[in-house]
Amino acid sequence: MRWTRTLSLGVLVMLGGCTESKVDADQDIALSGRYIDEAGAPLPEALLKLYRSENSSCAFAGFTSSWKSVKTRADGTFELDLLGADTRNGSIARCFVARSPEHSQGRSLSAFFLIQQSGVALPTLQEWTGTLTANVETQGVGVGFRPLSATHGAGDDDHVLSVHTTSLRAAWQVLEVTSPVHLSDYVLEDVQGLKASVSVEREANAGGVTVGLSYSSNFVALPRRALVPVSRGAACTYLNAETPCRVTNGDLSGLVLFQQGVREVAVQLSRPVVPRKAVLRNFEVSGTMTELVLEGSTDGTQWLPLANLLGGAGVRLFMEVDLTGTTQVSHVRVRATPRDTTGELRSLGQLSVFE
């Protein structure tokens, strides 16, 4: 999952899916580069893995195994001999990904590129640890990190902080962060074994070749918190909902992909509360909406507004929402009113409600 999400990030949009190849099938190709650690020292005997796509797009999630691998020399350099036929699929140039070895601490570095000439010298691949720290704060945890520019030079970097469960799937994500990042107890709940990492992307030009670089930091373990949502284990209703309910079971990295036509998800709390906060994870909609709201009810039939999910920054994959209700409710629901027939709820991992 971690590898899949890295591939889907925005810097790779520069590589279209149908770029015509500029090399002949029988042409000799030399791919070279150098791999160093964060301090600039060469990394010898490191096994870099090379992946390739079926077309010119790197924004895909189909990697199951590497295509080739290459080991660095004593000075950190590497070279791989290819043929033009290796770099193309019919007349279409393939996208290639060179990836650093897996590290137990979690860090990784990937380079994304097309091969459109006989010699491709990648920019120096320099690791980034991020130097993450995690400290308990009032009602949450603060995560500090060292930005990429501190070790790799100035750049227009947008750092993204992700929280992972023990399975390394994403339980939370915050875009465009600066250090330190505050993670509230509402976000962390009482889950044990959470880790945080920071990722960032850049572009580089090496001999006329545009290369996308994707960095992910080491993990830092997050202190366990103790806040339990009142919705934990609550029954829920939506089209073909499973029992027990998967969107209230406490799996912070879970994901339910709704069937076509789902426009509301309701949960029945174990007791009436005045809800103060809601957290939605892996939340996506499709189409356009005239209304997307959180609502509360005392009986499951008459509903009161709690929050407008289209306000502020709009719909996001991970949302922490203040609720405005002042009345005790025993039911909470997400409801979508589509602007056209395509509007519906697409996915939801967890709906956590706090009093």
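Before going into details, it helps to say that this report is about the structure given with it.

## Structural notes on the overall build of the chain
Helix and strand counts for the chain come out as three helices and 29 strands. When the backbone C-alpha atoms are referred to their principal axes, the chain occupies close to 70 × 45 × 35 Å. Within the chain, residue pairs in contact and separated by at least 24 positions form 74% of the contacts whose partners lie at least 6 positions apart. For the chain, the centre of its 31 positive side-chain charges and the centre of its 36 negative side-chain charges are spaced 4 Å apart.

## Quick look at the packing of aromatic side chains
A complete count under the given rule lists five aromatic pairs for this structure. When the centroid spacing of 6.1 Å and the interplanar angle of 20° are considered together, the rings of Phe96 and Phe113 count as stacked. Taken together, the residues span a long stretch of sequence, with Phe96 in strand β7 (residues 95-99) and Phe113 in strand β8 (residues 108-114) at a distance of 17 residues. Ring-pair connections join several aromatic residues into one group, and the members of that group are Trp67, Phe96 and Phe113. For the cation-ring pair, Lys68 lies above Trp67, with the distance from its terminal atom to the ring centre recorded as 5.0 Å.

## Considerations on the side chain of Ser53
Looking at where Ser53 falls in the secondary structure, it is placed in the loop between β2 (47-52) and β3 (68-71). With relative accessibility at 2%, the residue Ser53 sits in the buried group. Polar side-chain contacts of Ser53 include one of 3.4 Å to the backbone oxygen of Ser57.

## Looking at the sheet that holds strand β28 (residues 344-348)
Pairing within the open sheet is antiparallel, and its three strands lie in the order β20-β28-β23. Here the strands that pair on one side only, and so sit at the sheet edges, are β20 (256-257) and β23 (284-286). Bridge count between β23 and β28: three bridges; the pairing is antiparallel. Looking across to β28, one finds that Glu284 is bridged to Ser347.

## Re the state of the cysteines
According to the stated counting rule, one finds two disulfides in the structure shown. Residue pairing for Cys58: its cysteine sulfur links by disulfide to Cys95, the two sulfurs lying 1.5 Å apart. Highlighted residues: Cys58 in the loop between β2 and β3 and Cys95 in strand β7, separated in sequence by 37 residues. The burial state of Cys58 is the same as that of Cys95; both residues are buried. Across the disulfide, Cys236 is cross-linked to Cys245 (sulfur-sulfur distance 2.1 Å). Between Cys236 and Cys245, the S-S torsion sits near 105°, and that sign places the bridge as right-handed.

## Quick word on unusual backbone geometry
Leaving glycine out, the prevailing phi sign among residues is negative, and the prevailing peptide bond configuration is trans. With an omega of -5°, the peptide bond running from Ser179 to Pro180 counts as cis. Counting through the fold element by element, Pro180 comes out in the loop between β14 (170-177) and β15 (181-184). In this structure, Pro244 follows Thr243 across a cis peptide bond, with omega equal to 0°. For Pro244, the location among the structural elements is in the loop between β19 (235-237) and β20. Located in the positive-phi region is Glu45, a residue other than glycine, with phi close to 60°. If you trace the backbone, Glu45 turns up in the loop between β1 (28-36) and β2. One non-glycine residue, Asn282, lies in the positive phi region at around 50°. Residue classification places Asn282 among the buried positions, given a relative accessible area of 5%.

Conventions and cut-offs
Residues numbered from 1 in each chain as written. Predicted model: local features only at pLDDT ≥ 70, side-chain atom pairs only at ≥ 80, totals over all residues. Heavy atoms only, no water. Helix = DSSP H or I, 4+ residues; strand = E, 2+ residues; numbered from the N terminus. Contact = heavy atoms within 4.5 Å. Lys, Arg positive; Asp, Glu negative; His and termini not counted. Charge placed at Lys NZ, Arg CZ, Asp CG, Glu CD. Phe/Tyr/Trp six-rings, centres within 6.5 Å; stacked < 30°, edge-to-face > 60°. Lys NZ or Arg CZ within 6 Å of the ring centre and 35° of its normal. Buried < 20%, exposed > 50% of the residue type's maximum accessible area, 1.4 Å probe, protein only. Polar contact = N/O pair within 3.5 Å; in protein donor to acceptor, adjacent residues only side chain to side chain. Pairing = 2+ DSSP bridges. Disulfide = S-S within 2.5 Å.

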